[in-house]
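Residue-level structure breakdown
Residue strings, one per chain:
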Amino acid sequence: MISDETDHISSCIVSKPRIARQRWSLLAQIISNGDRRKDVCKNVISIRRFETFGLFRVDVISEEEECKWWEYKTDLINNFTLIVRQLCGCLKADKLQGFNNTGNVCIWPAEEIMSYYCLLNAAYFRNKSVIEIGGGMSCLAGFSIAVGTEAQQVQITDGNEDSVKNLEIMRERNKENYGETQVESSLFRWGPDKLEGNLQENFDIVLCSDCLFFEEGRKDLIKSMYNLLKPQGEVIIFAPRRGETFNNFMQLAQEIFHTEIKTNYNTTIWQLHSKFKEDSLYDENIHYPILLKMKKKDI
Ligand SMILES: C[S@@+](CC[C@H](N)C(=O)[O-])C[C@H]1O[C@@H](n2cnc3c(N)ncnc32)[C@H](O)[C@@H]1O
């Protein structure tokens with residue numbers, strides 16, 4: 001689906017550097033033109049862009065100044081309803097300079113697809129302990145598993161404090177629908193060190209979508225995945241190529257993980273992808289996520 005909503009600067013970092021530079025420069029002007037307190041509303045810098053594969057039925061249920069509440073439904077799971085809170089307020093100048101904010105801009109297509117894929121494979125999550133890292137403001141996949149599968153435990157995380165506040169509100173809002181699944185939300189930043197007691201090698205499944213393109217965070221991200229995962233566990237990643245970034249991540253990860261990639265992993269998604277390719281706003285390089293599964297090597 002194509003919408004008129006705001007794009008985010010980083011989605012263009014790889015494939016459309018000129019447009020990205022223009023928008024960063026506009027932002028820089030706004031910030032440096034004196035009033036640093038001025039909010040930079042997301043729609044100051046707006047272009048038409050590809051937004052969603054339309055894999056869920058989605059309705060707005062209410063709107064507030066800083067957020068919209070959405071109801072996500074799917075026929076993949078009986079009686080599946082997930083309430084999603086999406087931040088939609090102004091992007092303040094200090095946020096642009098603070099911790100990475102890419103997860104508060106939108107739910108990226110890779111996250112939507114990862115959620116759909118997990119629900120298609122709901123039985124796989126039965127009795128598993130699952131963590132989503134870099135899940136942004138919605139952790140759509142983590143919450144979909146919490147509501148739509150019989151996972152034992154789901155830990156919903158991101159490294160951005162605003163995202164995590166939003167996740168906490170969503171966790172509370174959806175709590176009637178978790179059944180026996182334990183659901184926690186927390187701030188989790190990737191890093192090289194072993195993790196505190198209850199996180200180290202605690203998870204059967206680590207989920208991550210569209211986080212591979214950060215050059216600086218890449219080593220830490222791989223190390224964190226390794227540390228979070230139980231010895232026999234599996235990392236499930238969905239991410240678009242974004243230039244060479246996907247391959248760079250995989251090359252580095254292969255030092256400590258066995259990897260398996262799939263480009264065509266689901267017929268419905270593949271058909272949508274083939275159809276969208278005819279639309280000039282759809283750019284495979286930034287919109288079509290590849291599936292990467294990883295298992296630990298003995299090191
Ligand atoms: C492009 S967003 C993807 C968000 C979400 N997975 C999606 O696809 O909609 C990248 C996410 O990585 C998170 N992130 C970036 N660096 C991080 C770090 N060092 N530790 C934890 N999270 C980080 C950001 O906060 C952001 O939510």
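Rules of the game
Residues numbered from 1 in each chain as written. Predicted model: local features only at pLDDT ≥ 70, side-chain atom pairs only at ≥ 80, totals over all residues. Heavy atoms only, no water. Helix = DSSP H or I, 4+ residues; strand = E, 2+ residues; numbered from the N terminus. Buried < 20%, exposed > 50% of the residue type's maximum accessible area, 1.4 Å probe, protein only. Contact = heavy atoms within 4.5 Å. Areas by Shrake-Rupley, 256 points an atom, 1.4 Å probe, with all protein chains shown as cover. Salt bridge = Lys/Arg side-chain N within 4 Å of Asp/Glu carboxyl O. Near = heavy atom within 4 Å. Polar contact = N/O pair within 3.5 Å; in protein donor to acceptor, adjacent residues only side chain to side chain. Nonpolar A, V, L, I, M, F, W, Y, C, P; charged D, E, K, R; others polar. Arc of directions from axis to C-beta. Pairing = 2+ DSSP bridges. Axes fitted to C-alpha atoms, helices over the stretch in contact; angles between N-to-C directions. Core = buried A, V, L, I, M, F, W, Y, C linked by side-chain atoms within 4.5 Å. pLDDT = per-residue confidence, 0-100. Parallel < 35°, antiparallel > 145°, perpendicular 65-115°, else oblique. Left-handed = near helix turned anticlockwise from the far one by under 90°.

1. A few points about the overall build of the protein chain
The number of helices and strands found in the protein chain is nine helices and 14 strands. Within the protein chain, the proportion of its 299 residues that are buried is 53%. In the protein chain, of all internal contacts separated by at least 6 residues, the share reaching a separation of at least 24 is 75%. In the structure as shown, the protein chain presents an accessible area of about 14300 Å², 46% of it carried by carbon and sulfur atoms.

2. Considerations on the pattern of salt bridges
Any two side chains of opposite charge can pair, on the condition that their charged atoms come close. Applying the stated criterion across every chain, the model contains 10 salt bridges. Linking arginine 126 and glutamate 150 is a salt bridge whose minimum nitrogen-to-oxygen distance equals 2.9 Å. One end of the pair, arginine 126, is in the loop between α3 (109-120) and β8 (129-133); the other, glutamate 150, is in the loop between α4 (140-148) and β9 (153-158), with 24 residues separating them in the sequence. Note that lysine 296 and glutamate 201 form a salt bridge whose closest N and O atoms lie 2.7 Å from each other. Taken together, the residues span a long stretch of sequence, with lysine 296 in strand β14 (residues 289-296) and glutamate 201 in the loop between β10 (182-187) and β11 (203-209) at a distance of 95 residues.

3. Let's talk about the site of the ligand
Lining the immediate surroundings of the ligand are 22 residues, of which Trp108, Glu111, Gly134, Asp158 and Ser209 lie closest. Within the contact set of the ligand, an oxygen atom lies 2.7 Å away from a side-chain nitrogen or oxygen of aspartate 158. For the ligand, a nitrogen atom lies 3.3 Å from a polar atom in the backbone of glycine 159. Taken by itself the ligand offers 590 Å² of open surface, and the protein chains cover 95% of this. Residues that form the shell around the ligand fall into these classes: nine nonpolar, nine polar and four charged.

4. Thoughts on helix α7 (residues 245-253)
Side chains that are three or four residues apart share a direction in an α-helix, a result of its 3.6 residues per turn. For α7, the set of buried residues is Thr245, Phe246, Phe249, Met250 and Ala253. Projected down its long axis, α7 carries its buried residues within an arc of 135 degrees, all on one side. Against the buried residues of α7 lie α6 (218-228), β12 (229-240), β13 (257-262) and β14.

5. Overview of the sheet that holds β12
With mixed pairing, the seven strands of this open sheet are ordered in space as β10-β9-β8-β11-β12-β14-β13. Each edge of the open sheet carries a strand with a single partner, namely β10 and β13. Going across the sheet, the axis of each strand differs from the next one's by a mean of 20 degrees, ignoring polarity. As paired strands, β8 and β11 are joined by four bridges and run parallel to one another. Bridged to valine 130 within β11 is isoleucine 205. With respect to the sheet, helix α5 (residues 161-173) is in contact with β9 and β10, its orientation differing from that of β10 by roughly 160 degrees.

6. Digging into the nonpolar core
Formed by 46 residues in total, the largest nonpolar core has its most connected members in Phe53, Leu207 and Phe238. Counting residues per element, this core draws most heavily on α3, at seven residues. By size, the runner-up hydrophobic cluster in this structure holds 30 residues, among which are Cys208, Leu221, Phe246 and Phe249.

7. A few points about the environment of isoleucine 236
Relative to the assigned elements, isoleucine 236 resides in strand β12. Excluding residues that lie within four positions of it along the chain, isoleucine 236 makes contacts with Met114, Tyr124, Ile205, Val206, Leu207, Cys208, Leu291 and Leu292.

8. Focus: the confidence of the model for the protein chain
Taken over all residues, the pLDDT of the protein chain has a mean of 87, while the share at 70 or more is 81%. Low pLDDT, under 50, characterises residues 1-19; the stretch is placed with 58 contacts to residues that sit more than four places away or in other chains. Below a pLDDT of 50 lies the segment residues 24-46, which in the model reaches 40 contacts outside its immediate sequence neighbourhood of four places, other chains included.

9. Focus: the packing of α3 against α4
Direction vectors running N to C along α3 and α4 enclose 20 degrees, while the axes themselves pass 8 Å from each other. In terms of orientation, α3 and α4 fall into the roughly parallel class. The two elements α3 and α4 meet at a crossing, and its hand is right-handed. Every residue of α4 that contacts α3 at Glu111, Glu112, Met114, Ser115, Cys118 and Leu119 is listed here: Leu140, Ala141, Ser144, Ile145 and Gly148.

10. Some thoughts on the pairing of strand β4 (residues 57-63)
Pairing of β4 with strand β5 (residues 67-74) involves six bridges; the strand directions are antiparallel. Residue pairing in the sheet places glutamate 63 in a bridge with lysine 68 of β5. The antiparallel hairpin formed by β4 and β5 contains three residues in its connecting segment.

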